[in-house]
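The residues making up each chain are set out below.
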Amino acid sequence: MPHKSTYFTRTSYNIIQTREDWEQSLKILSVEPKIAIDIEANSLYEYPGEICLIQISTHGYDFLLDPLSNFPFPELGELLSDQKIEKIFHASEYDLHLLWHQYHWTVNRLFDTMWAGKLLGYKQLGLVSFLHTLLNVQHNKKFQKSNWKKRPLSIQQLSYASRDSHYLIQLEKKLKEQLIKKGLWDEAQEIFEELPKEIIKKEKESTQLIRMIRNNNLSSPNIHVLCELYRYRDELGKSLHIPPGQLISNKCLINLAKTIPTTIDELNKMPRIQSIMKKVDKQELLYIISNSSTKNDDIPIPIQKNNNQQIKKRTSYLMQWRKEQAIIRNVDSDVVLPKTKLAILAIHGPKTYQDLLKLKVLGPVRLKMYGEQITEVLKKADEVFEQSHS
């Protein structure tokens, strides 16, 4: 039975801009079995992206929480981690990233309507398409690219934002029924459980810098330079609210680290130097390069990109197997096995079910579905590799 309140309206959205409003909304949210959530950020306008509006819907109410109104709302983090309440998102990855990056909040008991659709074989995965196909609701994404930090927000923006979360509970009901009917509910739950964990793992690994180091043949002094330039670019981007890649491209950053120029003349003669924005002080770049290239302190250097031919062979076989499974099931390949898990399997090459179990890379559902197939594929890949190198 939906909670009834005389404080809020059920016929329109409710803007939450004070601690009192938030406390009143908690009386409803804390007893709901399901809440739908969406987030608007200003990532297209500033770096790093900032959460500017949090839409929360229940069976009877739509709340628009304004985090820029300068009142505390730590209870939202508690709601998000509460195992008793299902949290419904559509295409949750970026929202999960923002929640972890800005507040260090993680989400338990997630239901992602986009991933549910992927698992069911839907090809049009946008919210507009889902609402039209499953609920016969028209939704316009006209305000998706608005500057959500700019205040005041218009009535049209607020109305648009509330609709982004308003229908998610109905959508979840339809998709869950289909998942259960097709025997996919256990697999869906495993995917939903893994999504927030993968986001946190990526955040902690600083993936972009690590990839840049792994994918380029750099000596220790060059890595020192790259790390310092990367930090400088990131801090400058934050201070100017400009994405770092617009200040200095990644390729230019790598060229600087490899070449280690010592003069403005050398700097200006470098390839891709034109990608450096005028807001970047070239003298400061030279100073950073000079100081960092002579450092002797230890830095964590990730494992270089593995060019092992045996691992490449395993990867090729796993990718072909994954593609075949996706065709059979009429789903995207990453539903069968995400690239991150495929890479771990290719590196370790487990030959038995027990070896695969010890890796802890697959959840129990995927392990049961694909465990024996994966070990057979890896055995075959290694046999072919050994024959070609004997």
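Ordered in space as E1-E4-E3-E2-E5-E6, the six strands form an open sheet in which the pairing is mixed. Edge positions in the open sheet fall to strand E1 (13-16) and strand E6 (110-112), since each of these has one partner strand only. With strand direction ignored, the average angle separating the axes of adjacent strands in the sheet is 25°. Taken together, the three bridges between strand E5 (residues 86-89) and E6 define a ladder with parallel strand orientation. Directly across from Lys87, in E6, lies its bridge partner Leu110. This element, helix H3 (residues 93-103), spans strand E2 (34-41), strand E3 (51-57), E5 and E6 of the sheet and lies at about 80° to E2. The strands touched by helix H6 (residues 155-166) are E1, E2, E3 and strand E4 (62-65); relative to E3, the strand with the most contacts, the crossing angle is about 50°.

Among the seven residues in E3, seven count as buried, and that is most of the element. As paired strands, E2 and E3 are joined by six bridges and run antiparallel to one another. Within the sheet, the bridge partner assigned to Asp38 lies in E3 and is Gln55. Examined bridge by bridge, E3 and E4 share four bridges and lie antiparallel to one another. Paired with Gln55 across the strands is Leu64, a residue of E4. Taking the residues between adjacent antiparallel strands as the criterion, E3 and E4 are bridged by four residues.

Criteria and thresholds
- Residues numbered from 1 in each chain as written.
- Predicted model: local features only at pLDDT ≥ 70, side-chain atom pairs only at ≥ 80, totals over all residues.
- Heavy atoms only, no water.
- Pairing = 2+ DSSP bridges.
- Helix = DSSP H or I, 4+ residues; strand = E, 2+ residues; numbered from the N terminus.
- Axes fitted to C-alpha atoms, helices over the stretch in contact; angles between N-to-C directions.
- Contact = heavy atoms within 4.5 Å.
- Buried < 20%, exposed > 50% of the residue type's maximum accessible area, 1.4 Å probe, protein only.

That is the geometry; function is a separate question.
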